[in-house]
Amino acid sequence: MLDSLPYELPELVTRAPLDTHRSTVLPEWVDWNGHMNVAFYVSAFDQASGAFMRNMGLGRRYVDGKLGMTFVLETHVTYDREMKGGAPMRFTTQLLACDAKRVHLFHEMYHAEQGYLAATNEAIVMNIDYATRRSAPWPAPVAWRLEAIWETHKTLTRPAKAGRVMGLARR
Amino acid sequence: MQSAPYPIIDLDLSAPLDRHRAEVKPEWIDWNGHMNVGFYVVAFDQATDTLCQQFGCGFEYTRDKIGMTFVLEAHVTYDREVKQGDPLRITTQILDHDAKRLHFFHAMYHATEGYLAATNELMLMNIDYASRRAAPWPDFAMTRIEKLVAAHAALARPRQAGRLIGIRKK
């Protein structure tokens, strides 16, 4: 485990859920159905995961400094409503669980002006050692920050769309 | 709608469907030096198009303003990295269907090294073009979907299908 990180960490946000990430649907994300393509919802959510990671003390400098990386192991998306090109997005992120190497995140994407829920994304993200490219415990300052984040997130209600198993419900 | 106003390719009843091939493009690579999580889904979505062409609901279906297919839900497991230029082979197994929906499972392999790179379970819904709302599959599609379902019925259920996300405490 890394004992320290060689860069200044941003001010920690422990507000729960985290609601700092904003984005816009890019024109190249729109498909022949005239709406944001399924894959780019995942790209947009990946950027929201990036915002959560930066708050933990990870991000571009973590990778560029050849210290480590974070890999997504698994993701589950519900597509709740269409988003068109140029639509503004607002994200909230709830930490559902964490351990020495992993976080279990739940993102919600909202249309930032009309307020509706557009999609949700549940994701497992793992810390990776840069040199070995294998899983490794969070660096010590990250583990400490994660603990502080967990303290405020653990009291949130579990989202209804978390933990879904896909299937055709027979009516 | 009894028949499609455009030709539909011959039905491929090999199970699983094993037609889709792709290559990891340079713009799909992120700062970790591998295919980014979003572009796995781009690659899988193109394999979904390959599947939809089997029952006449590919690009022409939307071009001719008959209908569209919308993904309702998706689950991805990222099993191993793929790098720029890697050849991909994606197989597709239909798990279930009803009047409006199709539940299926893609497996992405490194086409020459053979390892499993990722899986993608999907729920797809047929959409009427004009109303942009859910609608039953057109007859020409349903006839073909039922043949595909019959051909895939004997396949074992993939172990990654029906997964619940979570951190297992050791």
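Our structure is the block above this text.
Since we're looking at a predicted model, the values are computed, not measured. (Residues numbered from 1 in each chain as written. Chains lettered and ligands numbered in written order. Predicted model: local features only at pLDDT ≥ 70, side-chain atom pairs only at ≥ 80, totals over all residues. Heavy atoms only, no water.)

Colleague: Talk me through the pairing of strand β2 (residues 67-78) of chain B; I want residue IDs and the actual numbers.
Modeller: Burial within β2(B) is extensive, with 11 of its 12 residues counted as buried. Note: strand β2 (residues 68-79) of chain A against β2(B), five bridges, orientation antiparallel. Among the inter-strand pairings, V77(A) is bridged to a residue of β2(B), identified as A74(B). In this sheet, strand β5 (residues 116-128) of chain B lies alongside β2(B) in antiparallel orientation, the contact comprising 11 bridges. Following the sheet pairing, T77(B) is matched in β5(B) by T119(B). (Buried < 20%, exposed > 50% of the residue type's maximum accessible area, 1.4 Å probe, protein only. Helix = DSSP H or I, 4+ residues; strand = E, 2+ residues; numbered from the N terminus. Pairing = 2+ DSSP bridges.)

Colleague: Explain the environment of P158(B) residue by residue, including any values.
Modeller: All names here are of chain B. With respect to the element layout, P158 can be found in the segment after α3 (139-152). In this structure P158 comes out as buried when scored by relative accessible area, which is 12%. Discounting chain neighbours no more than four positions away, the residues touching P158 are Q93, L95 and F105. (Contact = heavy atoms within 4.5 Å.)

Colleague: Report on the layout of surface pockets, specifying residues and quantitative values.
Modeller: In this structure, the largest pocket occupies an estimated 950 Å³ of space. Looking at the largest pocket, it is lined by 43 residues, and the ones nearest its centre are T70(A), D30(B), N32(B), H34(B) and N36(B). It is helix α1 (residues 38-56) of chain A that contributes the most residues to the lining of the largest pocket, eight residues altogether. What lines the second largest pocket is a set of 35 residues, and nearest its centre among them are D31(A), N33(A), H35(A), V38(A) and T69(B). Looking at the lining of the second largest pocket, the elements that each hand over two or more residues are α1 of chain A together with α1 (37-54), β2 and β5 of chain B. Along the lines of polarity and charge, the residues of the lining of the second largest pocket split into 19 nonpolar, eight polar and eight charged. (1 Å grid on protein atoms, 1.4 Å probe; cavity = no way out; pocket = protein on both sides within 12 Å on 5 of 7 lines; lining within 4 Å. Points joined across faces, edges and corners; volume = space filled by probe spheres on them. Nonpolar A, V, L, I, M, F, W, Y, C, P; charged D, E, K, R; others polar.)

Colleague: So what about the packing of aromatic side chains? Which residues, and what values?
Modeller: All names here are of chain B. Considering all chains together, one arrives at nine aromatic pairs over all chains under this definition. Plain terms: the ring middles of Y40 and Y78 are 5.0 Å apart, the flat faces sit at 90° to each other, and that makes the pair edge-to-face. On the criterion of sequence distance, the pair formed by Y40 in helix α1 and Y78 in strand β2 is long-range, its members being 38 residues apart. We note that Y40, like Y78, is buried. With centroids separated by 5.5 Å and ring planes inclined at 80°, the aromatic side chains of F55 and W137 adopt a geometry described as edge-to-face. Here F55, found in the loop between α1 and α2 (59-63), pairs with W137, found in the loop between β5 and α3; they are 82 residues apart in sequence, far enough to count as distant. The same class applies to F55 and to W137, which are both buried. (Phe/Tyr/Trp six-rings, centres within 6.5 Å; stacked < 30°, edge-to-face > 60°.)

Colleague: Give a description of the packing of α1(A) against α1(B) that names residues and reports values.
Modeller: Interaxial distance between α1(A) and α1(B) falls to 8 Å at its minimum, and their mutual angle equals 175°. With respect to each other, α1(A) and α1(B) are oriented roughly antiparallel. On α1(B), the residues touching V38(A), A39(A), F40(A), V42(A), S43(A) and D46(A) of α1(A) are V37(B), G38(B), F39(B), V41(B), V42(B) and D45(B). Residue composition of the contact of α1(A) with α1(B), grouped by class: eight nonpolar, two polar and two charged. (Axes fitted to C-alpha atoms, helices over the stretch in contact; angles between N-to-C directions. Parallel < 35°, antiparallel > 145°, perpendicular 65-115°, else oblique.)

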